[in-house]
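Residue strings, one per chain:
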Protein chains: 2
Amino acid sequence: MNIGAASRQSGLPSKTIRYYEEIGLLTADRALNGYRDYSTEDVHRLRFLQRARGLGFSVEECRELLSLYSDRERASSDVKAIAKEKLAEIDRKIEELTGLRLMLGHLVDNCHGDARPDCPIIDGLSGRLEH
Amino acid sequence: MNIGAASRQSGLPSKTIRYYEEIGLLTADRALNGYRDYSTEDVHRLRFLQRARGLGFSVEECRELLSLYSDRERASSDVKAIAKEKLAEIDRKIEELTGLRLMLGHLVDNCHGDARPDCPIIDGLSGRLEH
DNA sequence: CTTGAGCTTCCATCTGCTGGAAGGACTATC
DNA sequence: GATAGTCCTTCCAGCAGATGGAAGCTCAAG
């Protein structure tokens with residue numbers, strides 16, 4: 001599969017896919033004509049990168065998460081340690097998003113643009129609703 | 001409150017706070033000595049920025065979200081339209097994170113580093129577990 | 001009144017893309 | 001088989017969002 005198809009299936013621009021190759025996040029086979037050739041497994045990686053980057057994981061964190069996939073022959077203890085660390089990070093992000101959601105939900109439900117002093121968005125913005 | 005205290009309370013480096021001021025995400029009062037002076041409300045905004053940026057919202061999106069806070073005297077319809085749009089975006093992010101969480105959870109529970117071909121992380125990476 | 005931490009501005013550097021130019025390859029039509 | 005249009009290649013420039021460091025001012029403690 002050419003880079004254009006991989007781009008469409010992963011949601012990542014071709015430019016970004018080439019960049020990810022350049023910084024070593026993945027390697028691509030080459031067809032005889034010199035074109036990059038992607039497998040469905042490559043597309044899975046790209047889709048994963050697209051999602052994880054959009055959720056605020058850094059490229060280095062993505063590299064680490066991908067390594068859980070590529071190196072699943074590593075000692076279970078290693079893999080589990082990294083995975084558990086990332087799980088905690090994901091849980092924190094979910095909590096934060098839930099806080100943001102609550103804040104915006106309150107805004108939609110309760111704020112009528114009348115500048116009332118008890119606008120619930122104030123609490124939401126400060127993060128107090130999370131705790 | 002000086003920038004150092006605001007930094008500690010918001011979780012953002014002083015450098016980043018100054019940068020956010022430079023690009024107009026917030027304005028800071030100045031004390032007589034020239035030092036920036038932050039209110040607790042400023043800290044709420046900074047905390048919000050810290051969370052939202054970490055969750056993959058762009059600076060422009062943050063600017064928009066902050067405007068929901070600052071301009072809460074705007075027509076309810078405007079505010080609600082933007083808020084609902086952002087709510088959908090947040091829900092999507094929560095779904096994606098939940099998918100990632102499931103994937104990692106499977107890895108922790110089911111992968112033992114023995115390179116079994118049915119490692120559930122493969123499905124998780126492709127995003128299929130979300131749907 | 002010195003010492004050290006914290007503040008200021010300015011400028012350079014880094015990460016993570018993103019755009020554009022110049023040129024080769026593929027597909028379809030004439 | 002020439003021509004057009006789209007896709008691919010590399011290379012290099014530029015932008016977004018910080019981040020680090022230098023040079024110098026301020027403040028609080030001893």
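Predicted model, so just to flag it, every value in this text is computed and none were measured.

Calculation notes
Residues numbered from 1 in each chain as written. Chains lettered and ligands numbered in written order. Predicted model: local features only at pLDDT ≥ 70, side-chain atom pairs only at ≥ 80, totals over all residues. Heavy atoms only, no water. Near = heavy atom within 4 Å. Polar contact = N/O pair within 3.5 Å; in protein donor to acceptor, adjacent residues only side chain to side chain. Helix = DSSP H or I, 4+ residues; strand = E, 2+ residues; numbered from the N terminus. Axes fitted to C-alpha atoms, helices over the stretch in contact; angles between N-to-C directions. Parallel < 35°, antiparallel > 145°, perpendicular 65-115°, else oblique. Contact = heavy atoms within 4.5 Å. pLDDT = per-residue confidence, 0-100. Phe/Tyr/Trp six-rings, centres within 6.5 Å; stacked < 30°, edge-to-face > 60°. Buried < 20%, exposed > 50% of the residue type's maximum accessible area, 1.4 Å probe, protein only. Lys NZ or Arg CZ within 6 Å of the ring centre and 35° of its normal. Salt bridge = Lys/Arg side-chain N within 4 Å of Asp/Glu carboxyl O.

A. Up close: the protein's contact with DNA strand C. Among the 18 residues in the neighbourhood of DNA strand C, the closest are listed as K15(A), Y20(A), R53(A), Y35(B) and R36(B). For DNA strand C, the fraction of protein-proximal atoms (within 4 Å) that sit in sugar or phosphate groups is 66%. Here a phosphate oxygen of DNA strand C and a backbone polar atom of G4(B) are 2.7 Å apart. One nitrogen or oxygen atom from the main chain of R36(B) is found 2.6 Å from a phosphate oxygen belonging to DNA strand C. When contributions to the surface near DNA strand C are tallied by element, the ones reaching two or more residues are α2 (14-22) of chain A together with α1 (3-10) and α2 (14-22) of chain B.

B. Fine view of the packing of α1(B) against α2(B). Residue and element names in this part refer to chain B. Packing of α1 against α2 brings their axes to within 9 Å, and their N-to-C directions diverge by 100 degrees. One way to sum up the angle between α1 and α2 is to call them roughly perpendicular. Here I3, G4, A6, S7 and S10 of α1 come into contact with α2, specifically with S14, I17 and R18.

C. Focus on the environment of V108(A). With respect to the helices and strands, the residue V108(A) is situated in helix α5 (residues 76-110). Setting aside residues no more than four positions away along its own chain, V108(A) makes contact with K80(B), A83(B), K84(B) and L87(B).

D. Quick look at the confidence of the model for chain A. Residues and elements named next belong to chain A. Looking at chain A, pLDDT values average 81 and 76% of them are 70 or higher. Ranking the helices and strands of chain A by mean pLDDT puts strand β2 (residues 36-37) first, with 98, and helix α6 (residues 121-126) last, with 50. Per-residue pLDDT stays below 50 along residues 114-120; that stretch engages in 13 contacts with residues further than four places along the chain or on separate chains.

E. Quick look at the packing of aromatic side chains. All names here are of chain A. Inspection of every chain in the model, using the stated rule, returns 2 aromatic pairs over all chains. Summarising the aromatic geometry, the rings of Y19 and Y20 are spaced 6.1 Å apart at their centres and angled 50 degrees between planes, so their arrangement reads as tilted. Classification of Y19 as partly exposed rests on a relative accessible area of 42%. Sitting above the plane of the F57 ring, K93 keeps its charged end 4.9 Å from the centroid.

F. Structural detail: the pattern of salt bridges. Counting across every chain of the model gives 16 salt bridges over all chains. The salt bridge involving E89(A) is made with K86(A); its shortest N-O contact spans 3.5 Å. You can see E89(A) and its partner K86(A) sitting in helix α5, 3 residues apart, about one turn around the helix. The two residues E89(A) and K86(A) agree in class, both being buried. Of the charged contacts in the structure, one is a salt bridge between K86(B) and E61(B), with a shortest N-O distance of 3.9 Å. Here K86(B) is found in helix α5 (residues 76-110), whereas its partner E61(B) is found in helix α4 (residues 59-70), with 25 residues between them in sequence. For K86(B), a relative accessible area of 3% gives the class buried.

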